[in-house]
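Per-entry structural report
Here's the letter readout for the chains.
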Amino acid sequence: MSHLSFEPSGGGLARAEPFDPPLLAPTAGLTRWVGPAISLGIFGAVLYQLRGLDVRAVWAMVPASPAFWAVFAAFYLATPAVDFLIFRRLWGLPASGFGALCRKFVGNEILLGYIGEVHFYSWARQRMAMVAAPFAAVKDVAILSAVAGNLVTLAVLAAAYPYLGALNLGLAPRTVMLAVGTTLGTSLGLLAFRGRLLTLGPRDLAFVGAAQFGRVLLTTLLPALLWHLVLPRVALGWWLLLAALRLLLSRLPLLPNKDLVFAGMAVLLVGRDVALAPLMTMMASLLLGTHLVVGAGLVLVQFARGGD
């Protein structure tokens with residue numbers, strides 16, 4: 001296994017991470033195997049998911065338009081690309097780190113939320129010169145990602161609240177308020193204790209926060225453009241509203257039957273005569289298929305290079 005050594009750039013870390021030095025010696029052997037173990041988990045998940053994926057049926061529904069594929073590529077790569085910009089600033093991450101960030105993204109999507117952060121932390125810890133502990137940056141980026149998602153969700157809720165009442169989808173006001181309170185409380189709690197939870201310097205935190213807000217906006221708006229390219233007779237404005245409401249439902253906790261509520265919103269907004277079910281099935285299957293291809297390819301390349 002080749003080991004890279006790269007120095008932090010930009011503002012760097014404001015102070016030393018308290019958790020890494022004590023753990024460095026006793027967990028050195030364990031850390032070495034965490035990354036490969038998660039990679040094997042990704043590969044196993046790929047093989048498992050392939051059982052129920054009808055590749056020919058999905059491919060038959062996918063538009064041949066170059067514009068569709070360009071937008072889909074931008075949507076898919078938005079998360080690892082933003083992560084790369086962030087860690088490029090914090091660590092001077094080399095181009096080879098983009099593959100590790102893609103594995104992080106796929107791991108979060110097809111295995112378990114935040115398992116990708118564990119994988120990336122293991123990768124970085126083995127390759128960084130330990131002048132700045134990687135745990136601090138990975139932790140702070142994950143926290144700011146959650147805060148950005150929650151705050152954008154609350155903004156979407158404020159803008160969409162009149163529509164929720166007009167749609168009459170059976171969302172009890174008490175349930176909505178409880179979900180909003182939980183989301184708002186989580187974000188305010190993270191911000192209130194940022195001095196203890198966050199380790200990066202103020203400039204780096206501002207950069208990471210802005211980048212995460214941009215990522216949330218991109219991954220919310222680009223699906224609307226994809227839907228519009230597949231069904232251009234539906235006005236883009238309706239798809240944008242639907243994408244915003246989809247973000248709202250996906251991030252609010254304590255709301256039951258989110259998929260059913262989203263389906264109801266889609267039918268009421270764009271009409272029953274639009275082929276919504278095939279569209280949503282195609283997009284979900286295409287996204288899963290891309291995760292499987294990218295995940296399997298990255299894992300095979302990783303092990304072909306001796307775990308690098």
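Whatever comes next refers back to the structure up there.
Residues numbered from 1 in each chain as written. Predicted model: local features only at pLDDT ≥ 70, side-chain atom pairs only at ≥ 80, totals over all residues. Heavy atoms only, no water.

1. Thoughts on the overall build of the protein chain
When helices and strands are tallied, the protein chain shows 13 helices and zero strands. Sequence-ordered secondary structure for the protein chain, helices as α and strands as β, is α-α-α-α-α-α-α-α-α-α-α-α-α. Within the protein chain, buried positions represent 47% of all 308 residues. The contacts of the protein chain with a sequence gap of at least 6 include a subset with a gap of at least 24, amounting to 79%. For the protein chain, the computed accessible surface area is about 15,200 Å², with 68% contributed by carbon and sulfur atoms. (Helix = DSSP H or I, 4+ residues; strand = E, 2+ residues; numbered from the N terminus. Buried < 20%, exposed > 50% of the residue type's maximum accessible area, 1.4 Å probe, protein only. Contact = heavy atoms within 4.5 Å. Areas by Shrake-Rupley, 256 points an atom, 1.4 Å probe, with all protein chains shown as cover.)

2. Side note on the nonpolar core
One finds Trp-227, Trp-239 and Leu-242 to be the most contacted residues of the largest nonpolar core, which totals 36 residues. At the level of secondary structure, the elements contributing two or more residues to this core comprise helix H4 (66-91), helix H7 (134-167), helix H10 (202-230), helix H11 (236-251), helix H12 (258-270) and helix H13 (276-304). Counting residues per element, this core draws most heavily on H11, which supplies nine residues. Setting aside residues up to four positions removed in sequence, Leu-242 forms contacts with Trp-227, Phe-262, Met-265, Ala-266, Leu-269 and Met-280. Listed in part, the 24 residues of the second largest apolar core include Leu-93, Ala-100, Leu-101 and Ala-211. (Core = buried A, V, L, I, M, F, W, Y, C linked by side-chain atoms within 4.5 Å.)

3. Details of the pattern of salt bridges
Enumeration according to the criterion identifies three salt bridges in this entry. Taking the shortest distance from any N to any O, the salt bridge between Asp-204 and Arg-89 comes out at 2.8 Å. Linking Asp-204 in helix H10 with Arg-89 in helix H4, this pair joins segments that are 115 residues apart in sequence. A salt bridge links Asp-140 to Lys-139; the shortest N-O distance between them is 2.7 Å. Here Asp-140 matches Lys-139 in class, with each residue buried. (Salt bridge = Lys/Arg side-chain N within 4 Å of Asp/Glu carboxyl O.)

4. Looking at helix H6 (residues 115-127)
When the terminal C-alpha atoms of H6 are compared, their 19 Å separation across 13 residues agrees well with the 18 Å that a helix rising 1.5 Å per residue should span. H6 sits mainly inside the fold: 11 of its 13 residues count as buried. Residues of H6 that are buried: Gly-116, Glu-117, His-119, Phe-120, Tyr-121, Ser-122, Trp-123, Ala-124, Arg-125, Gln-126 and Arg-127. (Expected span 1.5 Å × (residues − 1).)

5. Observations concerning the packing of H4 against helix H5 (residues 97-110)
At their nearest, the axes of H4 and H5 sit 9 Å apart, and the two run at 130° to each other. Taken together, the axes of H4 and H5 lie oblique to each other. Like other packed secondary-structure pairs, H4 and H5 cross with a definite hand, here right-handed. Here H4 contributes Tyr-76, Leu-77, Thr-79, Pro-80, Ala-81, Asp-83, Phe-84 and Phe-87 to the contact with H5, which in turn contributes Phe-98, Leu-101, Cys-102, Lys-104, Phe-105 and Val-106. (Axes fitted to C-alpha atoms, helices over the stretch in contact; angles between N-to-C directions. Parallel < 35°, antiparallel > 145°, perpendicular 65-115°, else oblique. Left-handed = near helix turned anticlockwise from the far one by under 90°.)

6. Comments concerning a nonpolar patch on the surface
Together, Leu-217, Leu-221, Leu-236 and Leu-240 give the surface a local cluster of nonpolar side chains, amounting to about 310 Å² of exposed area. When contributions to the nonpolar patch are tallied by element, the ones reaching two or more residues are H10 and H11. One can find Leu-221 in helix H10. Note on Leu-221: relative accessible area 45%, which makes it partly exposed. (Patch = residues over 30% accessible without salt bridge, like charges linked within 9 Å, V, L, I, M, F, W, Y side chains within 5 Å.)

7. Focus on the packing of aromatic side chains
For the structure shown, the criterion picks out 11 aromatic pairs. An angle of 75° between the planes, with centres 5.3 Å apart, marks the rings of Tyr-76 and Phe-105 as edge-to-face. Of this pair, Tyr-76 sits in helix H4 while Phe-105 is found in helix H5, placing the two residues 29 residues apart along the sequence. An identical accessibility class is assigned to Tyr-76 and Phe-105; each is buried. (Phe/Tyr/Trp six-rings, centres within 6.5 Å; stacked < 30°, edge-to-face > 60°.)

8. Examining H4
With 26 residues, H4 should cover 38 Å at 1.5 Å per step; its first-to-last C-alpha distance of 35 Å lies within 8% of that length. At Ala-78, H4 shows its largest kink, close to 50°, and the proline Pro-80 lies no more than four residues downstream. At the N-terminal boundary of H4, the capping side chain belongs to Ser-65, with an oxygen 3.2 Å from the backbone nitrogen of Ala-67. Of the residues one or two after H4, Gly-92 is the one with positive phi, at around 70°. (Bend = angle between axes of the 7 residues up to and from the residue. Polar contact = N/O pair within 3.5 Å; in protein donor to acceptor, adjacent residues only side chain to side chain.)

9. Quick look at the side chain of His-291
One can find His-291 in helix H13. Of the residues examined, His-291 reaches a relative accessible area of 4% and is grouped as buried. Look past the residues within four positions of His-291 in its chain and what remains in contact with it is Tyr-76, Phe-105, Val-106, Glu-109 and Ile-110.

10. What about the side chain of Thr-220?
Inspection of the secondary structure puts Thr-220 in helix H10. Of the residues examined, Thr-220 reaches a relative accessible area of 11% and is grouped as buried. If near-sequence neighbours (up to four positions away) are discounted, Thr-220 is found in contact with Ala-243, Ala-244 and Leu-247.

11. Side note on the layout of surface pockets
Estimated volume of the largest pocket: approximately 1,500 Å³. What lines the largest pocket is a set of 41 residues, and nearest its centre among them are Phe-75, Glu-109, Thr-219, Arg-246 and Ser-250. At the level of elements, H4, H5, H7, H10, H11, H12 and H13 are the ones that each hand at least two residues to the lining of the largest pocket. With eight residues, the top contributor of residues to the lining of the largest pocket is H13. For the lining of the largest pocket, a count of residues per class yields 23 nonpolar, nine polar and nine charged. (1 Å grid on protein atoms, 1.4 Å probe; cavity = no way out; pocket = protein on both sides within 12 Å on 5 of 7 lines; lining within 4 Å. Points joined across faces, edges and corners; volume = space filled by probe spheres on them. Nonpolar A, V, L, I, M, F, W, Y, C, P; charged D, E, K, R; others polar.)

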